[in-house]
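# Structural description and commentary
If you want the building blocks of each chain, they are given just below.
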Amino acid sequence: MSKSLHRTVVPSSRRALIAALTVTALIGSLAACTSSSTTPEPSEVAIVDGGEIVIGAEQEPDCADWIATCGGSIWGTWIMQIPTLPGVFQTRQVDDEWVPVPSDLVTGEPEVVVADDGTQTITYAINPEAVWSDGEPITSADFEYTALQIRDGDDIFDKTGYDRISAIDASDPATVTVTLDSPYAGWRTLFSVYGVMPAHLLEGQDRAAIMADGYDFSGGPWKIEKWTRGTSVTLVPNENYWGDKPHLDKVTFLFLPDTTAAFQALKSGQVSVLYPSPQLDALTQIDAGLPGIQSQVDARSGNLEAIWLNNAAAPFDSVAVRQALAYSIDRDAIVKRLFGSLGIDKAQQSFNSPMVAPFASDDFSQYALDLDKVDELMEGDGWKKNSDDVWAKGGETATFSIKTLAGNKRRDLTVQVLQSQLADAGFEMTIDQVTPADLFGTIAPQGDFQAGIWALVDTFPDPTLSSTFSSVNIPSEANGYSGINFYRTDIPGLDDLLGQVDSEIDTDARIQVSHEADALIAENVPSLPLDTVPNVLLWSDKVGGPEINPVDGPFWNLAEWGLAG
């Protein structure tokens, strides 16, 4: 479970938006990056206590109920969830690798036991100093409430892992033991990707309603002071936080979906920090140097952008058509056009991101531009080109609409290039710009699309594709629209392989079965990976503390930020 839709379901969402990773040495290997991939050290600035800053935010989340489908935007996770909800594991850099480490919510590494009958128990010892913002202690009841809301609820973003919970022992307020009915290799994601919610405030209440527009409780260093829809979110320090308190008095995230406008806001001083989707003009300006602006660019990324196809909607309900589409696109040319200046010129060949590179194969590399192969596949599937040189079959043409988010110049360029390449291959593609709230709130969950372009963001350094491609995660009215398999992928044999990836404890065996799943995915082309999007962080030299964390996002250490003294 990685919130990559997710949660970019960016859409920036989480993988979702989310997997058992004990193999720290494996994490961080890079599949498609160059020497620019290492995380550079940010400049050190002496800071003072007090003051406030304004940060530009590219997307506004649909809601603040993080376990629900509407909470899928990764920007919501970055700006509100991570600063306010405590989680068991955080991703931190250890020996140049980004790995999960226990947070101060617990007293140390949880105890994990796999019994002879195959059940797995995980025992968490809760930090006795951990309290909610109203002073009430964080207890086992909070863990139990959170787990059951996810396991048993409707409209849940991703239940992976929680759906294995068979029992919870919360009899001791300071300790909670969770029993899974089968081994779950990604157990560290539990109570980490979603965090923990307060039972004493939410039990028996309408959680979705209480959290829809923000909430006044916190178990992190910050509290949500105000969310003004369409404008901004403001955070202030949580005075009862048991850890290190924030240096700043207030942080406001100003929603600036237009990337060009956001860049101008930074240069004019309207905002002090940006975490923009990399744009060609921005990269050029960064390379040339921006007066008064610090920058960090990191190609080590869990942001995986792809062309997402609805496998249940024509024309992509045909494997042959999906394969033909893959042979119609010169993905390397697109990647080089977008990120060549960063030394990145090769397409991503797996839906496993570079953050979990050992688990990724390169099976999609078989799909290079080959118009003869396109003709062979389309004709074999009964299609013929009409007078407009577009594939046609049974009175229908190979015409489709691609959903993309408005205001993103890089994606605008990407879809324009795609449109030209696909026309040469006999596909007719139209472009439909939508808002993140519409795309991830209704359009994608309800399957009301043919194709789309967005990114999934890994929010935990552990491999999992089951949330994305397992058939049990297809959202529907019957399951309360839970799940982020928006692509309606249902490939014979894949569910079993993805389940083995989630369950296998032995790392080598897990890698092997992950590669088998990758091969089956590539054969069926449920969607088509394009690239991993580099991380770019820009900030005023009047601010100290910003540093890229490729998993927990740009504001992971917001409490350490401050104004230069």
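Since this is a predicted model, take the numbers as computed values, not measurements. (Residues numbered from 1 in each chain as written. Predicted model: local features only at pLDDT ≥ 70, side-chain atom pairs only at ≥ 80, totals over all residues. Heavy atoms only, no water.)

## Quick look at the side chain of S482
Tracing the chain through its elements places S482 in the loop between α12 (466–469) and α13 (494–503). Among the polar contacts made by the side chain of S482, one reaches the main-chain amide nitrogen of D155 at a distance of 2.9 Å. Setting aside chain neighbours within four positions, we find S482 in contact with G153, D154, D155, I156, K159, N473, I474 and P475. (Helix = DSSP H or I, 4+ residues; strand = E, 2+ residues; numbered from the N terminus. Polar contact = N/O pair within 3.5 Å; in protein donor to acceptor, adjacent residues only side chain to side chain. Contact = heavy atoms within 4.5 Å.)

## Some thoughts on the packing of helix α7 (residues 319–327) against helix α9 (residues 371–380)
The interhelical angle for the contact between α7 and α9, taken along N-to-C directions, is 170°, at an axis separation of 8 Å. Between α7 and α9, the interaxial angle falls into the category roughly antiparallel. Facing A320, V321, Q323, A324 and Y327 of α7, the residues of α9 in contact are K373, V374, L377 and M378. Counted by class, the contact of α7 with α9 contains seven nonpolar, one polar and one charged residues. (Axes fitted to C-alpha atoms, helices over the stretch in contact; angles between N-to-C directions. Parallel < 35°, antiparallel > 145°, perpendicular 65-115°, else oblique. Nonpolar A, V, L, I, M, F, W, Y, C, P; charged D, E, K, R; others polar.)

## Some remarks on the pattern of salt bridges
Summed over all chains, the structure comprises 12 salt bridges. Taking the shortest distance from any N to any O, the salt bridge between R229 and D213 comes out at 2.6 Å. Pair noted here: R229 is in the loop between β11 (222–228) and β12 (232–237) and D213 is in the loop between α4 (207–211) and β11, with a separation of 16 residues, a long-range link. For R229, a relative accessible area of 39% puts it in the partly exposed group. In this structure, E305 and R411 form a salt bridge, with 2.7 Å as the shortest nitrogen-oxygen distance. With E305 in strand β16 (residues 303–309) and R411 in helix α10 (residues 409–425), this residue pair connects regions lying 106 residues apart in the sequence. For the pair E305 and R411, a shared accessibility class is recorded, and that class is buried. Salt bridges here are not isolated pairs; linked through shared partners, they connect E305, R410 and R411. (Salt bridge = Lys/Arg side-chain N within 4 Å of Asp/Glu carboxyl O. Buried < 20%, exposed > 50% of the residue type's maximum accessible area, 1.4 Å probe, protein only.)

## Considering the state of the cysteines
Within this structure, the stated rule accounts for one disulfide. Through a disulfide, C63 is tied to C70; the S-S separation comes to 2.1 Å. In this structure the cystine formed by C63 and C70 twists about its S-S bond by roughly 80°; its chirality is therefore right-handed. Look at C63 and you get buried, because its relative accessible area is 3%. (Disulfide = S-S within 2.5 Å.)

## A closer look at a negative patch on the surface
Residues D104, E129, D244 and E560 make up a contiguous surface patch of negative charge. Turning to its location among the elements, D244 is positioned in the loop between β12 and β13 (250–255). (Patch = residues over 30% accessible without salt bridge, like charges linked within 9 Å, V, L, I, M, F, W, Y side chains within 5 Å. Areas by Shrake-Rupley, 256 points an atom, 1.4 Å probe, with all protein chains shown as cover. Lys, Arg positive; Asp, Glu negative; His and termini not counted. Charge placed at Lys NZ, Arg CZ, Asp CG, Glu CD.)

## Some remarks on α7
Burial of α7 is extensive: eight of the nine residues sit out of reach of the surface. Restricting attention to buried positions, one finds in α7 the residues A320, V321, R322, Q323, A324, L325, A326 and Y327. Looking at the packing, one finds that the buried side of α7 touches β16, α9, β20 (399–405), α10, α14 (507–524) and β23 (527–532). With a side-chain oxygen lying 3.3 Å from the backbone nitrogen of A320, the N-terminal cap of α7 falls on S318.

## Here we look at the packing of aromatic side chains
Inspection of every chain in the model, using the stated rule, returns 30 aromatic pairs. Considering the side-chain rings of W75 and F555, the 6.1 Å spacing of their centres and the 50° angle between planes classify their relative orientation as tilted. Pair noted here: W75 is in helix α1 (residues 74–84) and F555 is in the loop between β25 (543–544) and β26 (562–564), with a separation of 480 residues, a long-range link. Neither W75 nor F555 differs from the other in exposure class; each is buried. Taken together, a centroid distance of 6.1 Å and an interplanar angle of 65° make the contact between F486 and Y487 edge-to-face. Pair check on accessibility: F486 and Y487 agree, each one buried. (Phe/Tyr/Trp six-rings, centres within 6.5 Å; stacked < 30°, edge-to-face > 60°.)

## What about the nonpolar core?
Counting 153 residues, the largest nonpolar core has F191 and F427 as the members making the most contacts within it. With six residues, the single largest contributor to this core is α10. When near neighbours in sequence (up to four residues on either side) are disregarded, F427 contacts V321, A324, L325, S328, V374, M378, W391, A398, F400 and L422. (Core = buried A, V, L, I, M, F, W, Y, C linked by side-chain atoms within 4.5 Å.)

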